[in-house]
Amino acid sequence: MPKVHDRVLLALFSLGLAVVFSGGFLNCAPNRLATGVAYPLSQAPALEAAAAMTGLCGLALLSFAKGQKLRSFGTIIAAALILWGSLAGAGRFAAIVMQAGPPAARASLGPAFWTLAGVAILAIVDAVQRGNLSFPARAGIGAAFCAGFFLMAAAGDFDNLSLAREFWNNRGIFVSELLHHLGLVCAAIFFALIIGVPLSVLVLRKKAAAGFVFASLGILQTIPSIALFGVLIAPMSRLSELLPLLRGLGISGTGPAPAVLALTLYALLPLVRGFYTGFSEVATEVKDAAAAIGFGWRRLFVEVELPLALPSLVSGLRVVTIQTIGLASVAALIGAGGLGTFIFQGIGQYALDLVLVGAIPVILLALLANFIFEMLLGLARRNL
């Protein structure tokens with residue numbers, strides 16, 4: 001029997017195949033609230049279904065390939081077939097089933113679609129990492145897939161999908177909520193840096209304070225996000241009543257102010273921990289050698305400590321950014337806006353596709369942030 005050289009690809013193939021034959025690819029319902037009928041991939045348009053299945057079977061065959069480079073490029077091609085077959089197949093299938101349905105009918109993506117898309121994306125990520133592709137190659141692959149998706153969207157291939165209809169119905173406020181979300185994230189990271197940098201200096205200079213600081217920040221991390229947002233409503237409202245200046249600035253118990261405060265508190269532990277780890281791991285021998293040849297404390301910090309600690313600093317900031325992007329969704333519960341607005345509206349209306357209008361951009365923002373920080377991390381390590 002042939003030897004398996006990539007168990008990840010074989011596992012992805014098995015997962016995709018199991019869901020294709022057991023889960024619905026497209027759900028058609030008479031309206032957005034009713035339970036629909038699940039159609040399998042076998043009933044989708046033949047060309048697109050064949051492309052998706054060919055790509056899926058390609059992953060299984062590639063798991064037996066010996067050459068890593070060949071396996072990586074083959075995996076990217078197979079994943080492209082899966083993605084194109086899934087996306088184009090879902091769009092064409094929705095157009096077909098919607099022609100015979102009532103005006104309020106909705107065609108939603110089923111678990112088989114999401115599994116195939118997830119399998120394709122995971123296969124691409126695995127291929128890029130194992131193939132050790134350069135940054136321009138990674139950026140080119142990502143740009144090619146994004147361009148293909150946007151070209152299909154611009155051509156109207158997804159217009160009959162319920163997800164596209166929900167986005168179209170909320171297009172007037174989507175950009176503003178996206179900007180609110182980014183504003184909450186940027187403000188929280190800004191204030192976390194202002195507070196976290198002095199705290200990092202404190203725990204580095206005074207080891208006795210490190211235990212108290214990390215314990216206090218750790219306790220904050222254990223508080224559920226919804227609870228912390230709720231707890232801040234009363235004191236922030238009281239401060240707004242006592243201080244007219246705060247009230248004039250629009251700071252109250254609900255809205256962006258308590259949301260930014262809560263997000264800042266959550267960001268402090270990973271930020272301070274990353275900074276503390278980065279500077280603590282700089283070898284004492286290196287610092288002593290630099291001091292011996294006449295480096296002052298400022299030059300020692302700028303030319304020795306900071307470059308060596310930079311990878312840990314970037315890693316800590318990456319964790320903080322991705323965490324804050326996700327947690328900012330909860331801020332919609334206290335009127336702070338953001339992409340969480342669509343998520344909680346969808347939950348309240350039992351409309352899954354409206355939930356996805358908010359959830360998918362949050363996931364994409366987190367992936368984009370991770371990609372940017374991976375690039376910065378590579379530059380930081382290259383300069384060591």
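Counting restarts for each chain: residues are numbered from 1 in the order of the written sequence. Given that this is a predicted model, residues contribute local features only at a pLDDT of at least 70 and side-chain atom pairs are listed and counted only at 80 or more, while totals for whole chains, interfaces and linings are drawn from all residues. The basis for every side-chain value is the complete set of heavy atoms in the structure, and neither hydrogens nor water enter the calculation.

(A) Seen up close, the overall build of the protein. Scanning the protein from terminus to terminus reveals 16 helices and three strands. Across its three principal directions, the C-alpha atoms of the protein cover 75 × 60 × 35 Å. Within the protein, buried positions represent 43% of all 384 residues. Should any heavy atoms of two residues lie within 4.5 Å, those residues are counted as being in contact. Within the protein, residue pairs in contact and separated by at least 24 positions form 77% of the contacts whose partners lie at least 6 positions apart. For the protein, the computed accessible surface area is about 19700 Å², with 71% contributed by carbon and sulfur atoms. When charges are counted, Lys and Arg contribute as positive and Asp and Glu as negative, whereas His and the chain ends are disregarded. Positions of charges follow a simple convention, taking NZ of Lys, CZ of Arg, CG of Asp or CD of Glu. A distance of 4 Å separates the average location of the 24 positive side-chain charges in the protein from that of its 15 negative side-chain charges. Helix numbers and strand numbers start at the N terminus; a helix is a DSSP run of H or I with at least 4 residues, a strand a run of E with at least 2. Residue exposure (1.4 Å probe, protein chains only): buried if accessible area is under 20% of the type maximum, exposed if over 50%, otherwise partly exposed. Computed with a 1.4 Å probe, the accessible areas rest on the Shrake-Rupley method; for each residue, only the protein chains presented here act as cover.

(B) Region of the structure containing the pattern of salt bridges. Here a salt bridge means any side-chain nitrogen of Lys or Arg lying within 4 Å of a carboxyl oxygen belonging to Asp or Glu. Taken as a whole and assessed by the stated rule, the structure comprises six salt bridges. A salt bridge links Glu 166 to Arg 106, with the nearest nitrogen and oxygen atoms 3.1 Å apart. Here Arg 106 lies in strand β3 (residues 106–109) and Glu 166 lies in helix α6 (residues 162–169), a separation of 60 residues in the sequence. Note on Glu 166: relative accessible area 3%, which makes it buried. Asp 126 serves as the salt-bridge partner of Arg 130, at 2.7 Å between the closest nitrogen and oxygen. Of this pair, Arg 130 and Asp 126 both sit in helix α4 (residues 111–130), four residues apart, which is roughly one turn of that helix. Assessed through its relative accessible area of 36%, Arg 130 is described here as partly exposed.

(C) The arrangement of helix α5 (residues 135–154) in detail. Look at α5: 28 Å from first C-alpha to last across 20 residues, which is about the 28 Å you get at 1.5 Å a residue. Once α5 ends, the next one or two residues include Gly 156, with phi positive near 85°. One fewer than the residue count of a helix, multiplied by 1.5 Å, yields its expected span.

(D) Main features of the packing of aromatic side chains. Here a pair means two rings of Phe, Tyr or Trp (six-membered ring of Trp) with centres within 6.5 Å. Their orientation is stacked below 30 degrees between planes, edge-to-face above 60, and tilted elsewhere. Following the criterion strictly, the structure yields nine aromatic pairs and no others. Summarising the aromatic geometry, the rings of Phe 25 and Phe 113 are spaced 6.0 Å apart at their centres and angled 65° between planes, so their arrangement reads as edge-to-face. Highlighted residues: Phe 25 in the loop between α1 (7–22) and β1 (26–29) and Phe 113 in helix α4, separated in sequence by 88 residues. An identical accessibility class is assigned to Phe 25 and Phe 113; each is buried. Between the aromatic rings of Phe 113 and Trp 114, the centroid separation amounts to 5.2 Å while the plane-to-plane angle is 80°, which identifies the pairing as edge-to-face. The exposure class assigned to Phe 113 is buried, which follows from its relative accessible area of 5%. Among the aromatic residues, those joined into a cluster by ring pairs are Phe 25, Phe 113 and Trp 114. To sit over a ring, a charge needs its Lys NZ or Arg CZ within 6 Å of the ring centre and within 35 degrees of the ring normal. The cationic tip of Arg 171 hangs over the ring face of Trp 168; the distance from NZ or CZ to the ring centre is 4.1 Å.

(E) Structural context of the packing of α1 against α4. Convention adopted: a line fitted to C-alpha atoms gives each axis, helices being fitted over their contacting stretch, and angles between N-to-C directions are expressed from 0 to 180 degrees. As a packed pair, α1 and α4 sit with axes 9 Å apart at the nearest point and diverge in direction by 170°. As the angle between them shows, α1 and α4 are arranged roughly antiparallel. For the pair formed by α1 and α4, the contact residues are Val 8, Leu 9, Leu 12, Leu 15, Gly 16, Val 19 and Val 20 on the first element and Pro 111, Ala 112, Thr 115, Leu 116, Val 119, Leu 122, Ala 123, Asp 126 and Arg 130 on the second. In the scheme used here, Gly and all other residues not listed as nonpolar or charged are polar, with Ala, Val, Leu, Ile, Met, Phe, Trp, Tyr, Cys and Pro taken as nonpolar and Asp, Glu, Lys and Arg as charged. When its residues are assigned to classes, the contact of α1 with α4 shows 12 nonpolar, two polar and two charged. Convention used here: angles under 35 degrees read as roughly parallel, angles over 145 as roughly antiparallel, angles from 65 to 115 as roughly perpendicular, and any remaining angle as oblique.

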